[in-house]
Amino acid sequence: MSDIEIFENMPNDDEFIEWIKKNSNGFVLNIERRKDPSKIYKGHPKIHFANCCDLNKKPGSSTTGKYFKVCSTSIEELEQWSWFKYQQGLTPCGTCKKNGLPVGRLTGIPNFQAASALSLKSDIYKLEKRLASKANSNKRTEIETLIKARLGQGIFRKNVLEQYSSCPLTGLDIQPLLIASHIKPWSKCNNEERLDPFNGLMLAPNIDALFDSGLITFETDGTIKISPKIDPENQERLGISPDMKLKIEPESEKYFEYHRNHVFQKEE
């Protein structure tokens, strides 16, 4: 997690304030200390925009007093750090939420870039618990392989971003809000397919939710196909229309075929 910086037990807040100045578009976890560092208070870690006014209500105590800070320019990195450290997700700052931090469809917390990868660290934690309980070497090898595949999600996102720097339908290019969505669902993939960037799209949160649930798919020429469950009025509300189209790479065709045949909701 190369982008993570932790500010704790510092002589003053200077380094943290300097990080904020250099990374005004970044994100900050505000975490209340406990006697047992492996445990955490309800509602923490709390995630803020780096420029959130709530972070600096008490100058001089941001990193030296009751709280410490974990900072990154990537929400996904912070989500993963939280799962590794505390086996739980993040709570949105109320002020930031009002100012535009979107609410995630899977967890009820801010959308942390990753579609199914929002629960990435939770899955790894569960797999690791399974691994600890297995004595059979074949079962252990199988679980270890799954853990390695899940850890590869970060690589998957980076590789998909190289192909899609913005959402191909909406044009949204704010990377922290883009979600790396598998075309063929992760649960149905083998390990190679899970990391194949041609099995991915970078989508705006609303488009990802529709695609992931099978309410939209794409024809072989890239034209959008909308489920009959979404009437024209709701299509307009969702910002989708039958004339939308994306470019499908030849290497991605087999994944889109799977999505059309096995994920798309054809009937009302």
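Parameters at a glance
Residues numbered from 1 in each chain as written. Predicted model: local features only at pLDDT ≥ 70, side-chain atom pairs only at ≥ 80, totals over all residues. Heavy atoms only, no water. Buried < 20%, exposed > 50% of the residue type's maximum accessible area, 1.4 Å probe, protein only. Helix = DSSP H or I, 4+ residues; strand = E, 2+ residues; numbered from the N terminus. Arc of directions from axis to C-beta. Contact = heavy atoms within 4.5 Å. Pairing = 2+ DSSP bridges. Core = buried A, V, L, I, M, F, W, Y, C linked by side-chain atoms within 4.5 Å.

### Remarks on helix α1 (residues 14-22)
- When we look at burial in α1, the residues that qualify are F16, W19 and I20. Seen end-on, α1 carries its buried residues on one side only, within an arc spanning 100°. For α1, exposure combined with an orientation more than 90 degrees from the buried face picks out D14, K21 and K22.
- Buried positions along α1 lie against β1 (5-7), β2 (27-32) and β4 (67-72).

### Side note on helix α8 (residues 205-212)
- Those residues of α8 not exposed but buried are I207, D208, L210 and F211. The buried residues of α8 occupy an angular sector of 165° when the element is viewed end-on, so they sit on one face.
- Those residues of α8 that are buried lie in contact with β6 (179-182), β7 (200-203), β8 (216-218), α9 (232-238) and α10 (253-262).
- Directly after α8, the chain includes G214, whose backbone phi takes a positive value near 80°.

### Concerning the sheet that holds strand β5 (residues 91-92)
- Ordered by their spatial adjacency, 5 strands build an open sheet running β1-β4-β2-β3-β5, and the pairing between neighbours is mixed. In this open sheet, the two edge strands, each paired with only one partner strand, are β1 and β5.
- The pairing of β2 with β4 spans 6 bridges and is classified as antiparallel. Each bridged residue has a counterpart across the sheet, and for N30 the counterpart in β4 is K69.

### Remarks on the nonpolar core
- In terms of nonpolar packing, the biggest core is built from 28 residues, with L169, I207, F211, I216, F218, I240 and F256 touching the most fellow members.
- Taken together, the elements giving at least two residues each to this core come down to α6 (153-163), β7, α8, β8, β9 (224-226) and α10.
- Each residue touching I207, except ones within four places of it in the same chain, is listed here: C167, L169, T170, I216 and I240.

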